[in-house]
Amino acid sequence: MKQAFLASFYLSLAAGIWGGMYVVSKYVLDYIPPFTLVWLRYAVALIVLGAIAAAKRERPPKSGRDWGMVIAIGIIGYVVSISLQFVGTKWSNAHTASLITASTPAFVVLFARWLLGEALTWRKMAALLLATAGVIVIVGLGGSEESTFAGNIALVGAAVTWALLSVLVKIASARLSVFSITTYAIFVALIGMTPMMLAEGPGLAASHWSVPVALGVLYLGVVSTAGAFFLWNKGMEMIDAGVGSLFFFFQPLVGSLFGRLFLQEQLDVSFWLGGALIVAGVAVAVRSGQSA
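Residues numbered from 1 in each chain as written. Predicted model: local features only at pLDDT ≥ 70, side-chain atom pairs only at ≥ 80, totals over all residues. Heavy atoms only, no water.

Caption draft 1: Region of interest: the pattern of salt bridges. Counted by the stated rule, this structure contains three salt bridges. In this structure, lysine 56 engages glutamate 58 in a salt bridge whose closest nitrogen and oxygen atoms are separated by 3.7 Å. A relative accessible area of 48% places lysine 56 in the partly exposed class. Its salt-bridge partner being arginine 175, residue aspartate 66 comes within 2.6 Å of it at the nearest N-O pair. (Salt bridge = Lys/Arg side-chain N within 4 Å of Asp/Glu carboxyl O. Buried < 20%, exposed > 50% of the residue type's maximum accessible area, 1.4 Å probe, protein only.)

As structure tokens, this is what we get:
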């Protein structure tokens, strides 16, 4: 019971941080190009995690198998998935991105069944359908902005790769500490993002920096990357992957709330109805995890 509660807390906090992150990103992206911003996020996060690792005398993975898992997590989740999300949103639109990436928990359930042998129960499926319905109610099925086939494919790729990341973390946590997985996977991601950052050209100039921009980068690196990645990985270690993945649905929910608080975006009845469905779905999922 205590472990399920802690896992729920960690996963909810991580998804909530990512949901609110777009308010900060929306401001910072006016000054820093996207791939450069992701690279800076990872650089800041690695400095923080590296300092903690040194203080804890955390040892790096020893075997080639362990390094293989860490490299797979860093490349698949933190390089490929994040890059596809940026590209997909650029080629499509934010509305479509929110809807398609909300399919991530469904792919987690499939990967968890295939790679972990987790049972695919009716209660899990009901929870998934409830939470998915909540996202559809909030986001809606239609959009006024144009979307492209290539953009939509990239977004599906982002959802699939993040789902695979979540399951790989579950597998790796049986051999490595979550802190070690997070730290060294971000190190791999920083290396992987470097060519994309350089290819973006001289988009980062001294004139772009100000106190708000610097604080935004620090927030994205320390809180949204080092903190939230660790919390997500820790939560996925403690609970069934198929159950834990449903907390991903809190991301659009919290994002909408932060949009209302900081950007004066309007919330209508569909938001509250959709939010209730998401909470109900997650509650059913956690109950299934406790009774499994």
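Caption draft 2: Structural detail: the packing of aromatic side chains. A complete count under the given rule lists 14 aromatic pairs for this structure. Ring geometry for tyrosine 27 versus tyrosine 31: centroids 5.3 Å apart, planes at 55 degrees, classification tilted. Using a relative accessible area of 31% as the deciding quantity, one classes tyrosine 31 as partly exposed. Aromatic pair tyrosine 78 and phenylalanine 229: ring centres 4.3 Å apart, planes at 15 degrees, arrangement stacked. Taken together, the residues span a long stretch of sequence, with tyrosine 78 in helix H3 (residues 64-91) and phenylalanine 229 in helix H9 (residues 211-238) at a distance of 151 residues. We note that tyrosine 78, like phenylalanine 229, is buried. Here the aromatic residues Trp18, Tyr42, Tyr78, Trp162, Phe229, Trp232 and Phe248 are joined through ring pairs into a cluster of three or more. Sitting over the ring of phenylalanine 179, lysine 56 keeps its end group 4.5 Å from the ring centre. (Phe/Tyr/Trp six-rings, centres within 6.5 Å; stacked < 30°, edge-to-face > 60°. Helix = DSSP H or I, 4+ residues; strand = E, 2+ residues; numbered from the N terminus. Lys NZ or Arg CZ within 6 Å of the ring centre and 35° of its normal.)

Caption draft 3: Focus on the side chain of serine 166. Mapped onto the elements of the fold, serine 166 is located in helix H7 (residues 149-172). Contact partners of serine 166, with chain neighbours within four places excluded, come to Val108, Trp232 and Met236. (Contact = heavy atoms within 4.5 Å.)

Caption draft 4: Local environment of the nonpolar core. In terms of nonpolar packing, the biggest core is built from 75 residues, with Tyr42, Ile73, Tyr78, Trp162 and Trp232 touching the most fellow members. Dropping the residues within four chain positions of it, tryptophan 232 is found in contact with Leu11, Ala14, Trp18, Trp162, Ser166, Gly244, Ser245, Phe247 and Phe248. (Core = buried A, V, L, I, M, F, W, Y, C linked by side-chain atoms within 4.5 Å.)

Caption draft 5: Structural detail: the packing of helix H5 (residues 104-116) against H7. At a minimum axis distance of 8 Å, the contact between H5 and H7 shows a crossing angle of 40 degrees. In terms of their interaxial angle, H5 and H7 are classed as oblique. Read as a crossing pair, H5 and H7 show a hand that is right-handed. In contact with Thr104, Phe107, Val108, Phe111, Ala112, Leu115 and Leu116 of H5, H7 contributes Ala159, Val160, Trp162, Ala163, Leu164, Ser166, Val167, Lys170 and Ile171. (Axes fitted to C-alpha atoms, helices over the stretch in contact; angles between N-to-C directions. Parallel < 35°, antiparallel > 145°, perpendicular 65-115°, else oblique. Left-handed = near helix turned anticlockwise from the far one by under 90°.)

Without other data, these values stay purely geometric and don't point to any function.
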